[in-house]
Amino acid sequence: MPLHIQTPLLASRALSRLAGKPVWLKLEALQPSGSFKLRGVGAACEAHARNGKTRLVSSSGGNAGIAVAYAGRQLGIPVTVVVPETTTARAKALIEQEDATVIVHGASWMEANALAQSMLADPAVAFVHPFDDPLMWTGHASMIDEAVQAGVAFDSVILSVGGGGLLSGVVEGLRRNALAQLPVLAMETVGADSLAQAMRAGRRVELDAITSVATSLGAKAVCENAYELSRTHDIRSVVVTDLEAVDACERFLADHRILVEPACGASLAAIYARDQAMIAEVSAPLVIVCGGATADLPQIQAWRERLSA
Ligand SMILES: *Cc1c(COP(=O)(O)O)cnc(C)c1O
């Protein structure tokens, strides 16, 4: 039994009417850790357990850290998550709720990650990277297996891109199901658009800073594999504003009663925002509703007020 669950696949009436075409939703927000991350993180942690590791370490104060904490508790392996001082009380509480140890260290992720790396001298300790790990991509690919097994005739996938782990896993899933020709709409927000900038520059680029509220998309550079895929797969990069992403979160809550982070709102914005230009060339998109556990409704409303001011 894997650690993740098989998630519902819905034909969204609200989004299909808006788009004027069938829109399918893969509801990864319903994973027990609150995001798709559990698929890949769970697979990686199970491999570490098989290899005799007795402690798991993460430096993510977001959905990856929560997923590692959940996986460790399920596997009976202690987890330490090192997070920077900027991590919200809610994120720390979500990690601690899974019985993991949270260490707050440093002003930024770089310093927290450096402390996490210093814990790896012991060969019984495994570090779980939030996106750059082939074991994890293979785990993420299972969401495409499920959509194919459900017999749904989707002709494209819409997903969000941070460091590119989800993108890597979805393309692996398409390829292993003989769907390598399907286009992927790679959604990012302004200020977290490391894939869009890399595709424009023709090489991997590092952003100076992450300025988007979609913090789960905040990798300064996408992983090498994600950049390579942008050259070998039909990947169409789309960048939306923070306001469009936050607006999509609120409208999705009204339509489907599920609260997601702006990182996921970026994908939903492909349907909710503007004039459908983004989805004009596809006829039955599968939207990966990737979820996100760290935002709550007051926070989303505060963002909307600030962004629309
Ligand atoms: C991690 C995450 C992403 C981005 O995934 P990558 O694998 O880093 O590209 C998007 N949305 C949510 C909710 C996430 O947790």
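I will try to describe carefully the structure that is included in this document.

Criteria and cut-off values
- Residues numbered from 1 in each chain as written.
- Predicted model: local features only at pLDDT ≥ 70, side-chain atom pairs only at ≥ 80, totals over all residues.
- Heavy atoms only, no water.
- Pairing = 2+ DSSP bridges.
- Helix = DSSP H or I, 4+ residues; strand = E, 2+ residues; numbered from the N terminus.
- Axes fitted to C-alpha atoms, helices over the stretch in contact; angles between N-to-C directions.
- Contact = heavy atoms within 4.5 Å.
- Buried < 20%, exposed > 50% of the residue type's maximum accessible area, 1.4 Å probe, protein only.
- Arc of directions from axis to C-beta.
- Near = heavy atom within 4 Å.
- Polar contact = N/O pair within 3.5 Å; in protein donor to acceptor, adjacent residues only side chain to side chain.
- Parallel < 35°, antiparallel > 145°, perpendicular 65-115°, else oblique.
- Left-handed = near helix turned anticlockwise from the far one by under 90°.
- Nonpolar A, V, L, I, M, F, W, Y, C, P; charged D, E, K, R; others polar.
- Salt bridge = Lys/Arg side-chain N within 4 Å of Asp/Glu carboxyl O.
- Right-handed = clockwise from strand over helix to strand, strands pointing away.

### A closer look at the sheet that holds strand β4 (residues 79–83)
Ordered by their spatial adjacency, 4 strands build an open sheet running β5-β4-β3-β6, and the pairing between neighbours is parallel. Strands with a single pairing partner mark the edges of an open sheet, and in this sheet they are β5 (101–104) and β6 (125–127). Neighbouring strand axes in the sheet, compared pairwise and without regard to direction, differ in orientation by 25° on average. Direction of pairing for strand β3 (residues 55–58) relative to β4: parallel, over a ladder of 3 bridges. For Leu-56, the partnering residue across the bridge sits in β4 and is Val-79. Sheet strands in contact with helix α5 (residues 109–118) are β3, β4, β5 and β6, and its direction is about 150° off that of β4.

### Some thoughts on helix α4 (residues 89–96)
Among the residues of α4, Ala-91, Leu-94 and Ile-95 are the ones counted as buried. Along the long axis of α4, the arc covered by the buried residues comes to 100°, so they all point the same way. Residues of α4 that are buried in the fold lie against α3 (63–75), β4 and β5.

### Topic: the site of the ligand
For the ligand, the set of nearby residues contains 16 residues, the closest of which are Lys-37, Asn-63, Gly-162, Gly-164 and Leu-166. In the model, an oxygen atom of the ligand is placed 2.7 Å from a nitrogen or oxygen of the Lys-37 side chain.

### Examining the packing of helix α9 (residues 194–201) against helix α10 (residues 224–232)
In contact at an axis separation of 11 Å, α9 and α10 are set at 55° when each is read in the N-to-C sense. Taken as axis vectors, α9 and α10 run oblique relative to one another. Our pair here, α9 against α10, has a crossing hand that is right-handed. Residues Leu-195, Ala-198 and Met-199 of α9 form the contact with α10, whose participating residues are Ala-226, Tyr-227 and Ser-230. Broken down by class, the residue content of the contact of α9 with α10 amounts to 5 nonpolar, 1 polar and no charged.

### Concerning the pattern of salt bridges
Under the counting rule described, the total for this entry stands at 12 salt bridges. Put simply, Glu-98 and Arg-73 hold a salt bridge, and the shortest N to O gap is 2.6 Å. Of this pair, Glu-98 sits in the loop between α4 and β5 while Arg-73 sits in helix α3, placing them 25 residues apart in sequence. Relative accessible area serves as the criterion here: at 9%, Glu-98 is assigned to the buried category. Residue classification places Arg-73 among the partly exposed residues on the basis of a relative accessible area of 39%. Between Arg-236 and Asp-234 there is a salt bridge, with the nearest N and O atoms lying 2.7 Å from each other. What you see here is one network of salt bridges that share partners, running through Lys-26, Glu-28, Arg-39 and Glu-146.

### Things to note about the pairing of strand β7 (residues 156–160)
The element β7 is largely enclosed, with a buried count of 5 among its 5 residues. Burial along β7 is two-sided: Ser-156, Ile-158 and Ser-160 facing one way and Val-157 and Leu-159 facing the other are all buried. For β7 and strand β10 (residues 285–288), the ladder comprises 3 bridges, and the chain directions are parallel. Bridge pairing in β10 links Val-157 to Leu-286. Two strands pair when backbone bridges link them, and β7 and strand β8 (residues 184–189) are joined in this way by 4 bridges, in the parallel orientation. Residue pairing across strands places Ile-158 opposite Leu-185, the latter belonging to β8. A crossover connection joins β7 to the parallel β8 through helix α8 (residues 165–176); in handedness this β-α-β unit is right-handed.

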